[in-house]
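Chain by chain, the residues run as shown.
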Amino acid sequence: MKHTKRWDHKMLFAIQKIQHPFLDRFMLFCTQIGNGGIIWILFSIIYILCGKKKEGVLVLATLGVCAFIVNLLIKPIFTRKRPFETFHHIQVRIKPPFGTSFPSGHTATSFASTTAILLLGLPFGWLACILAVCIAVSRIYLFVHYPSDVIGGAVIGILIAIVVVALVNNYMFS
């Protein structure tokens, strides 16, 4: 745990050194499209409107299951403070989020949705991957999550998507 904490702080502050006005705007945009899973809802609606109804609904279901598990089951277990709550000398560029830091909900839902998109062979999986990574990095850049929060969120999101897609494909649409 001590080594993880040291690595987290080292990576967090290394990213803080690359601040730039363009990156500030870009990272803010990335975080905003991840708010409430809006980008993944949009992807789902596009799939549904383009005739991939089952797949679009399954991406939405994966997003919902992940948000429920992360926000209502996992986050309450951990009491990790967010970086801005520990290091008061760093200015937060967004409205400070509430709740605990581990795992990153933005990252978990982004990776869950992206994994579902990839597992279902839907178009624009490559774009979803890029967006998921950008959303994850934005959470560190904006000083609201530690790198291990983001890594944990990504792993949790991927695992949730694998389980949800497998369950639905094996038991509901077989």
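Above this text is the structure in question.
Residues numbered from 1 in each chain as written. Predicted model: local features only at pLDDT ≥ 70, side-chain atom pairs only at ≥ 80, totals over all residues. Heavy atoms only, no water.

The subject of this paragraph is the overall build of the chain. When you go through the chain residue by residue, the secondary structure sums to eight helices and zero strands. What you see in the chain, going N to C, is helices and strands ordered as α-α-α-α-α-α-α-α. Taking the principal axes of the C-alpha coordinates as reference, the chain spans close to 55 × 35 × 25 Å. The 174 residues of the chain split such that 47% are buried. Considering only contacts within the chain whose residues lie at least 6 apart along the sequence, 80% involve residues at least 24 apart. For the chain, the exposed surface amounts to about 9400 Å²; the carbon and sulfur share of it is 73%. Each charge sign in the chain was given a centre, from 16 positive and 5 negative side chains, and these centres are 2 Å apart. (Helix = DSSP H or I, 4+ residues; strand = E, 2+ residues; numbered from the N terminus. Buried < 20%, exposed > 50% of the residue type's maximum accessible area, 1.4 Å probe, protein only. Contact = heavy atoms within 4.5 Å. Areas by Shrake-Rupley, 256 points an atom, 1.4 Å probe, with all protein chains shown as cover. Lys, Arg positive; Asp, Glu negative; His and termini not counted. Charge placed at Lys NZ, Arg CZ, Asp CG, Glu CD.)

Turning our eyes to something else, we now look at helix α7 (residues 125-141). Helix length check: α7, at 17 residues, gives a terminal C-alpha distance of 24 Å against a target of 24 Å (1.5 Å per residue), a fit within 8%. Listing the buried residues of α7 in full gives G125, A128, L131, A132, C134, I135, A136, S138, R139, I140 and Y141. Residue F143 follows α7 closely and has a positive phi angle near 70°. (Expected span 1.5 Å × (residues − 1).)

Compared with the 21 Å implied by 1.5 Å per residue over 15 residues, the 21 Å span of helix α1 (residues 2-16) between its first and last C-alpha is a close match. Of the positions making up α1, those classed as buried are D8, L12, I15 and Q16. Projected down its long axis, α1 shows its buried positions confined to an angular sector of 105°, all on one face. Away from the buried face of α1 by more than 90 degrees, exposed residues K2, H3 and K10 are located. (Arc of directions from axis to C-beta.)

With that settled, consider the side chain of S138. As for its position among the elements, S138 is in helix α7. For S138, a relative accessible area of 0% gives the class buried. Among residues more than four places away in sequence, those in contact with S138 are M27, C30 and T31.

Scanning all chains against the criterion turns up three salt bridges. The shortest N-O distance in the salt bridge between D8 and R80 comes to 2.5 Å. Placement of the pair is D8 in helix α1 and R80 in the loop between α4 (53-74) and α5 (83-86), with a sequence separation of 72 residues. Residue D8 is classed as buried on the basis of its relative accessible area, which comes to 0%. In this structure R80 comes out as partly exposed when scored by relative accessible area, which is 24%. (Salt bridge = Lys/Arg side-chain N within 4 Å of Asp/Glu carboxyl O.)

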